[in-house]
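# Working through the structure, step by step
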Protein chains: 2
Amino acid sequence: MKKRYRLSEVTKQLVLVASGKEKADLVIQNGTLVNVNTGELLPHVDVAISHGRIALVGDASHTIGEATKVIDANGLYIAPGFIDGHIHVESSMVTVKEYAKAVMTHGTTAIIMDPHEIANVLGLEGIGMMIQEGKEIPLNVYTTMPSCVPATADFETTGAQLSLRDIAAGLKQDTIIGLGEMMNYPGVLNADSSVHNILKATLDRDKIITGHYPAPDAGGAGLNAYIASGARCCHETVRMEDALAKMRLGMYVQVREGSAWCDVKEIAKALTTTSIDSRFACLVSDDTHPDHLITQGHMDHIIRRAIEEGIPPITAIQMATLNTAQCFSIDRDLGSVSPGKWADIVLLEDLDTIKVAMTLINGECVAKDGKMLCELYTSSYPDSAKQTMAIHETLKPEDFIIPIPEGYNKETIGIHLIEIIETIATTHHREAILPIKSGTLSSDLSQDILKLAVIDRHSGLQTMGKGFVKGFKLTSGAVASTVAHDAHNLCILGTNDEDMALAANTLIECGGGQVVVQNGVVLALNPLPVAGLMSEDPIEIVAKRVAEIDEAWKTIGCPIASPFMTMALLSLAVIPELRLTNKGLIDTNTFEPISLYIEA
Amino acid sequence: MKKRYRLSEVTKQLVLVASGKEKADLVIQNGTLVNVNTGELLPHVDVAISHGRIALVGDASHTIGEATKVIDANGLYIAPGFIDGHIHVESSMVTVKEYAKAVMTHGTTAIIMDPHEIANVLGLEGIGMMIQEGKEIPLNVYTTMPSCVPATADFETTGAQLSLRDIAAGLKQDTIIGLGEMMNYPGVLNADSSVHNILKATLDRDKIITGHYPAPDAGGAGLNAYIASGARCCHETVRMEDALAKMRLGMYVQVREGSAWCDVKEIAKALTTTSIDSRFACLVSDDTHPDHLITQGHMDHIIRRAIEEGIPPITAIQMATLNTAQCFSIDRDLGSVSPGKWADIVLLEDLDTIKVAMTLINGECVAKDGKMLCELYTSSYPDSAKQTMAIHETLKPEDFIIPIPEGYNKETIGIHLIEIIETIATTHHREAILPIKSGTLSSDLSQDILKLAVIDRHSGLQTMGKGFVKGFKLTSGAVASTVAHDAHNLCILGTNDEDMALAANTLIECGGGQVVVQNGVVLALNPLPVAGLMSEDPIEIVAKRVAEIDEAWKTIGCPIASPFMTMALLSLAVIPELRLTNKGLIDTNTFEPISLYIEA
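Not measured: the values here are computed from a predicted model.

## Points about the overall build of chain A
Within chain A, the regular secondary structure consists of 17 helices and 30 strands. The C-alpha radius of gyration computed for chain A amounts to 25 Å, which stays within 12% of the reference 25 Å derived for 600 residues, consistent with globular compactness. On the principal axes, the C-alpha backbone points of chain A span a range of 90 × 50 × 45 Å. Considering chain A as a whole, with its 600 residues, one finds that 65% of them fall into the buried category. For chain A, the proportion of contacts with a sequence separation of at least 24, taken over those separated by at least 6, is 69%. Carbon together with sulfur atoms contributes 50% to the accessible area of chain A, which is approximately 19900 Å² in total. Across chain A, the centroid of the 47 positively charged side chains sits 5 Å from that of the 74 negatively charged ones.

## With respect to the relation of the copies chain A and chain B
It takes a turn of 180° to lay chain A on chain B, together with a shift of 0.0 Å along the axis; the resulting RMSD is 0.1 Å. A rotation of that kind, with that shift, is consistent with a two-fold axis. Among all C-alpha atoms of chain A, that of A:Ser329 lies closest to the rotation axis, at 3.6 Å. Comparing contact sets, 100% of the residues at the interface of chain A also lie at the interface in chain B, consistent with an isologous, same-surface contact.

## Re the packing of aromatic side chains
Scanning the model with the defined rule gives 10 aromatic pairs over all chains in all. Between B:Tyr252 and B:Phe280, the ring centres sit 4.6 Å apart and the planes meet at 45°, which makes this aromatic pair tilted. Note that B:Tyr252 is positioned in strand 12 (residues 252–256) and B:Phe280 in the loop between helix 10 (269–272) and strand 13 (281–284), a separation of 28 residues in sequence. For the pair formed by B:Tyr252 and B:Phe280, the shared burial category is buried. Among the aromatic side chains, those forming a connected cluster through ring pairs are A:Tyr185, A:Tyr213 and A:Tyr226. One Lys or Arg, A:Arg4, reaches over the ring of A:Trp342 and ends 4.4 Å from the middle of that ring.

## Here we look at the environment of B:Met182
All names here are of chain B. Along the chain, Met 182 turns up in strand 9 (residues 176–182). Met 182 gets classed as buried once you look at its relative accessible area, which sits at 1%. Met 182 has contacts with Ser 147, Cys 148, Val 188, Val 195, Ile 198, Leu 199, Thr 210, Gly 211, His 212 and Tyr 226, leaving out every residue within four places of it along the chain.

## Digging into the nonpolar core
If you look at the biggest cluster of nonpolar residues, it comprises 102 residues, and the most contacted ones within it are A:Leu283, A:Ile303, A:Leu348, B:Leu283, B:Ile303 and B:Leu348. The residues contacting A:Leu348, other than those within four sequence positions of it, are A:Leu76, A:Tyr77, A:Ala79, A:Phe82, A:Ile317, A:Ile354, A:Lys355, A:Val356 and A:Ala357.

## Regarding the UniProt feature "domain: Adenine deaminase C-terminal" (unreviewed entry) in chain A
The UniProt record marks residues 426–592 of chain A with the feature "domain: Adenine deaminase C-terminal" (unreviewed entry), using the residue numbering of this structure. Within the segment residues 426–592 of chain A, helix and strand shares are 22% and 34% respectively, and the terminal C-alpha atoms sit 17 Å apart.

## Some points on the pairing of strand 3 (residues 53–58) of chain B
All names here are of chain B. Most of strand 3 sits out of view: six of its six residues are buried. Where strand 2 (residues 40–50) lies against strand 3, five bridges are found, and the strand directions are antiparallel. Bridge pairing in strand 3 places Ala 48 opposite Leu 56. Between strand 2 and the antiparallel strand that follows it, strand 3, lie two residues; His 51 among them carries a positive phi value of about 55°.

## Digging into the pattern of salt bridges
Residue and element names in this part refer to chain A. In the structure shown here, the tally under the stated rule is 52 salt bridges over all chains. Put simply, Asp 242 and Arg 239 hold a salt bridge, and the shortest N to O gap is 2.7 Å. Assessed through its relative accessible area of 28%, Arg 239 is described here as partly exposed. Look at the salt bridges and you will find they share partners, linking Glu 236, Arg 256, Asp 263 and Asp 286 into a network.

Criteria and thresholds
- Residues numbered from 1 in each chain as written.
- Chains lettered and ligands numbered in written order.
- Predicted model: local features only at pLDDT ≥ 70, side-chain atom pairs only at ≥ 80, totals over all residues.
- Heavy atoms only, no water.
- Helix = DSSP H or I, 4+ residues; strand = E, 2+ residues; numbered from the N terminus.
- Rg over C-alpha atoms; globule rule 2.2 N^0.38 Å.
- Buried < 20%, exposed > 50% of the residue type's maximum accessible area, 1.4 Å probe, protein only.
- Contact = heavy atoms within 4.5 Å.
- Areas by Shrake-Rupley, 256 points an atom, 1.4 Å probe, with all protein chains shown as cover.
- Lys, Arg positive; Asp, Glu negative; His and termini not counted.
- Charge placed at Lys NZ, Arg CZ, Asp CG, Glu CD.
- Least-squares fit on C-alpha atoms with pLDDT ≥ 70 in both.
- Phe/Tyr/Trp six-rings, centres within 6.5 Å; stacked < 30°, edge-to-face > 60°.
- Lys NZ or Arg CZ within 6 Å of the ring centre and 35° of its normal.
- Core = buried A, V, L, I, M, F, W, Y, C linked by side-chain atoms within 4.5 Å.
- UniProt positions renumbered as here; feature names shortened; annotations may be inferred.
- Pairing = 2+ DSSP bridges.
- Salt bridge = Lys/Arg side-chain N within 4 Å of Asp/Glu carboxyl O.

Right, dumping it as structure tokens:
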């Protein structure tokens, strides 16, 4: 891959090219500049590039020599490459390389990646693998150090744990520009020393604390306290008034538009119904499914969404370029088409649909008309990353039996169960009466109550938590997944124990992933052998498998949207109201384990 | 002095105060917030402060305890403390402490100081003294490392020289946040290795390169090359079109309004005649005379000037707060009234005159209604700083004789001479015919031609350059100054050799300064014993002396404005067209020494 030069290495070369004494490697000629510095469109602008950096913006005719490559931008807009300021690559279920392939064709030239998911499975080793991959591709990959691994250590068996020492060591690395989203905002607000020590380690390195503050207190004491602790940005903002409050308090609001959460519609109002300075507003994706990256795009899609909601195009582009660069203090290298910056540039066909004609990174054309032009070096994950299913015995249907407490001899029993809310992360804590059959409890399709199991796949002890869930409306079969936030244990739900065992065993065998089975037959399988989270296959293939999985959910009766996404949060024991981990049911209102049985 | 806490030291305390679990040290109550983050005025805002930092902005009633001091801001505006992004304290002829006293009463809470003048006299030692002074006062003093000391080593004897190694060592210090104005823009544009090595040393430390690019090329190759070399800001912009070009290229334009150069009127048009994003526009003072600090003010005056020129008040305040903080990447600590930032705050009576009612720094009230409230610790410069007149023999009138070349026997001779342009830094290179009297040349008042001498005061060799200058229109007497950019040698001009010797000897005796004499009598003396540039006396006294000097200039016949300022540039051998140093006349168009005599 072409070397990325630090500015300090090439100031002389840039001067020589700007003044015409040496010639540019590449000149983009005669486009309309989307000037994010001043918020203007400037016609008939050339950009001269040398050593991967911008030497001149203006009239570059004197920088063109015989060997200079010239790109005619007549009729096109020249804009800075798009930056995604908060993204979990693992959510796209592909490697960083494959992710990059998808997003570079859509104009993305830099991402700020939070490898929180792999960190929960493989710890520092996993983070290191993704960082290494990021170094081997043209996409400019910055990393934030996951701050909350595990999300909760008390209630489940986790794959890894990042100590203060681990985090502090990570923050020494140049590619790690900050701390990953500080989800433990209760810990911040309670002045918890272990949490504040992590903040301190970040601030003392002069790096960025990225925030996660979902509480809707519109500028009250909590938000003030959280920002006073150093959190510089936040992508968890779903109400306009909270967005306004955050920007007013000097926090960068990272307006999110991913596959799961789409906040642009609401948050855009903070800009369109006021006349505030928009410099603290950014756009991010957070999590995007592979098929959406292919069909909708990435930051181009999010910018387009912002424009659709009434934000002026140049402002929307600032929100995905300069503003994000300033948020992360990387504006000396990127965020605008200006002399000295990296030549990370997109050519756009128009400013309504933000159709990307060409993406340049480090002064090289990496994608044109939606097609990759550069070769990506193969990066393959080591075997250790693909051996994360520490479940060594094949599961039998009997393993899923839920017995009745000893001495209990009635015909029914009251239970606690989880009720999901379609496309919403929180759950309801419900109660129900289940019939007892042969001294055990089974799924009760008449009540839409399905058996749910979570198996530790990390420690080798393979402890299993069992419970019930309502809302998926399956009529047959079972599903299993190793994408199960945040510990990513093996999660299985189904209508019968035989299919549940088959689903679990299928994933154990392929190293993790997602599977749907019905009556002893695998309907669809999406193997994700890297940490049980990611595939090394091309994103198009993974996207196709995800579509097959979605289809198979429907086949077994599930009518809701993105059911795997909802399923992936059933174990997340930090969000209300009830969750199941490998250690059993957790009341996440009281943060106490509770029994499955109401009475015994 | 009260300790300034790093944010990392106090996040827990700020959280406890914001949430009301502990009480604030100070609460500013019920003011109208000038919110520079969003560009809004927000009424009825409180600010809670603890450990010198802002814990909460909003409703702070729950943070008020018995020991909490409360400031009623009803009817007042709460704004961030003003930041001067480019300032040579020495130009105010007082110590940093005295400078701070003057500016803090006018709402300034931080300065970015470039100790370029003292560096030319005392080198690293002098810089260190001013930095040390800055650490002993509440004003937040950041320093940039002078980049061009001496301005020219070939044409004059200088007091000090900063090598690449010196500069690199300086850049290691925390208080040095960047490189001082890179005046050697020809060296930058010529890809001069010694210059680019200095840029590299700065960039490799991730610090800011402050610029100095006066060429009026409105975005041409030169400006592009200069910015591509890493210069992040520039205070040398006198035309609107150059200001626009710089901002468009991502350079922070530091609009200057000092005693000597007043650029706000012209540059404001870049904002008032367009609708550009103003985030790259800042306000700075560069150089301000002591009397102006007292009578006009400091950043409050410059903000007022910007408002008078049509810039909206909030935008003007952003230009002296948030924008400058972002320029220097110090926005995590200051630049806005936001949680976590230092409580560097001004209370304003209105947004038209920007009348400062109170200045708070580090959470303490330092000035109120134009009066200092805090005690400033005495900092006295060491003797070594006050012994910079290495001229060990008393000068005699004969030392100023300008003889005629041997063998020359006509009655007149043609000479090269400097013609000054009132209040303009450049000079004209003129020719004239002088009568020869007793084999020597004298001042010729009939032609307004005065004798000019520059004596090395640094090396001990006390070499003297002699020549003539036109434009001061003296009718009697002589003046001398050790403020003579950039080497600050002893510069004397006068109508007769006796008064010139007296003027010179008066300054030699008092350790440097400014003096006006007439017919053997000292009319006015402004002793500047610290490096021959600064007084340790109170600024009011120094200002009074400056006024007396100005008056004395008039007494001896000079009608032009600020003549000492024009005189102070007569030796600056890097600005067109002709200059005199201790080594003789320098043609600063060709950068060659030239003879005084046209023919011999």
